[in-house]
Amino acid sequence: MTASSSIPVPPKGVWVPSPTFFTHSSPSPYSPTQPAVDYGAQTAHTLFLARAGITGVVLLGSTGEAMHLSRFERSQLIKSVRQGLDEAGFEKFPIMAGVLTNGGLEETVQWLDDYKEAGAEFGLVLVPGYFGGGQGVWGEGHSGQEGVVRWFQEVLKGMKSKEMGIVVYNYPGVSNGVVLEPEGYRALAKDPRVVGCKMSHGNISHHLQVSLDPKINHERFRVFSGFGQQLGPIVLFGAAGVIDGMSAYYPKTVVRLFELAQKDDFRPSERAELNKLQYVVSKAEEFVVKYGLRGIKEATYRVAGFGDLEAARVPVVARMGEKEWEEGRKKYLMEIEEIEKTL
């Protein structure tokens, strides 16, 4: 077995960045005024996703509020979900876990080592962005973004596990506007332990350039978007899929859209279905654009039946009122609701 063959590669498909569930029935062990993590609800929701055809789950990403959990809670969350999946017969259902340290090398390595020990196959590592892209940290090396490339290389050197796949996470909205350029991905993809990327921005050209780059081994490096509204356009040109928050509560519709988008040949009826599904998914994603994390948590509770809307950790405390929910639902979600019921 070669070194690269022992490193897992994230399967193509629809992944869900799951919200972290809390419960007001008991306080956090670290603060009497903050709710505890609901490990049972987290496991139950992940099983709901697995049974709906979702490819894998991302725990503790941006939607999962990793920065609001303690080190113990993060590890325990992964352990609990992994145990629940295994006991339910989903031993091969993969877990990816988010590392949102924003640049601290020692802390980043610690999170990854903890995650691997807890049962995660992949680490979703946020591109460091504290200094932004224009303050001398990028350098003028072979990639044009040498500072970030070297940062990831140092992370890889420091990790105890040499068999954990790293997915590069570029989310400019939380990283001081930093956008990793296609040549940066090309440089990082040379390391067999860097097995993919998630781009949470609207530059479809970057998705396509990296997905089609002839200098990247696309069997070992997978490109995902963080937006379901980009699914069809990028999968049609070689991307691996999406890591999409709306799929936490409408999983079957997004899975069906992916199944159609990856087809090489379409019957006329399938082309029509693909177009319809991309339209309703794109429209429904506007709900997430408008309401953000609280919208995802609200919909996961109201649509899928998971969560406790009275339990939230500061600063994410506001929930949607009845009027606001109904307005958003009627404007964005009615069509996808009907499709989800048929699948």
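Our structure's up above, just so we're on the same page.
Residue positions are given per chain, counting from 1 as you read along its sequence in written order. Predicted model: local features are reported for residues with pLDDT of at least 70 only, side-chain atom pairs are reported and counted for 80 or more only, and whole-chain, interface and lining totals are derived from all residues. The basis for every side-chain value is the complete set of heavy atoms in the structure, and neither hydrogens nor water enter the calculation.

**A short note on helix α6 (residues 204-212)**
Right, on to step 1. Turning to α6, its buried residues number three or more, namely H206, H207, V210 and S211. Take α6 and look down its axis: the buried residues cluster within an arc of 125°, on one side only.
Right, on to step 2. Contacts are residue-level and defined by heavy atoms, with any inter-residue pair within 4.5 Å sufficient. Helix and strand labels come from DSSP, where a helix needs a run of H or I of at least four residues and a strand needs a run of E of at least two; each type is numbered from the N terminus. Next to the buried residues of α6 lie α5 (182-188), β8 (194-199), β9 (222-225) and α7 (231-235).
Right, on to step 3. Two N or O atoms form a polar contact when they lie within 3.5 Å of each other; inside protein one atom must be a possible hydrogen donor and the other a possible acceptor, and for residues adjacent in sequence the pair counts only when both atoms belong to side chains. One side-chain oxygen of the residue at the start of α6 lies 3.1 Å from the amide nitrogen of S205, identifying that residue as N203. Classification of residues uses two cut-offs on accessible area relative to the type maximum, computed with a 1.4 Å probe and protein chains only: under 20% is buried, over 50% is exposed, and between them is partly exposed. Starting at the helix axis, one direction is taken to each C-beta atom, and the arc is that of these directions.

**Considerations on the pairing of strand β6 (residues 122-126)**
Right, on to step 1. Counting buried positions along β6 yields five of five residues, so the element is predominantly enclosed.
Right, on to step 2. Residues F122, L124 and L126 point to one face of β6 and G123 and V125 to the other, with burial holding for every one of them.
Right, on to step 3. Two strands qualify as a pair provided DSSP detects at least 2 bridges between them. In this sheet, β6 lies alongside strand β5 (residues 95-99) in parallel orientation, the contact comprising four bridges. Opposite V99, over in β6, you have V125 as the bridge partner.
Right, on to step 4. Between β5 and its parallel partner β6, the chain crosses via helix α3 (residues 105-118), and the hand of that crossover is right-handed.
Right, on to step 5. When β6 meets strand β7 (residues 165-170), the two strands line up parallel, connected through five bridges. Pairing of L126 across the sheet is with Y169, part of β7. Here, the term right-handed applies to a crossover whose path from the first strand over the helix to the second runs clockwise when the strands point away from the viewer.

**A word on the packing of helix α2 (residues 71-87) against α3**
The packing of two helices is summarised by the inter-axis angle and the distance between the axes.
Right, on to step 1. Direction vectors running N to C along α2 and α3 enclose 30°, while the axes themselves pass 8 Å from each other. With respect to α3, the axis of α2 lies roughly parallel. In the crossing of α2 with α3, the sense of the turn from one axis to the other is right-handed. Facing R71, R74, S75, I78, K79 and R82 of α2, the residues of α3 in contact are Q110, W111, D114, Y115 and A118. Comment: axis = line fitted to C-alpha atoms, over the contacting stretch for helices; angle = value between 0 and 180 degrees taken between N-to-C directions. Any angle that falls under 35 degrees is termed roughly parallel, while one over 145 is termed roughly antiparallel, one within 65 to 115 roughly perpendicular, and all others oblique. Left-handed describes a crossing whose near helix is turned anticlockwise from the far helix by less than a right angle; the clockwise case is right-handed.

**A closer look at the environment of G56**
Right, on to step 1. In this fold, G56 is placed in strand β4 (residues 56-59).
Right, on to step 2. Between the C-alpha atom of G56 and that of I95, which follows or precedes it by 39 residues, the distance is 6.1 Å.
Right, on to step 3. Other than its neighbours up to four places away in sequence, G56 contacts V14, W15, V16, F93 and P94.

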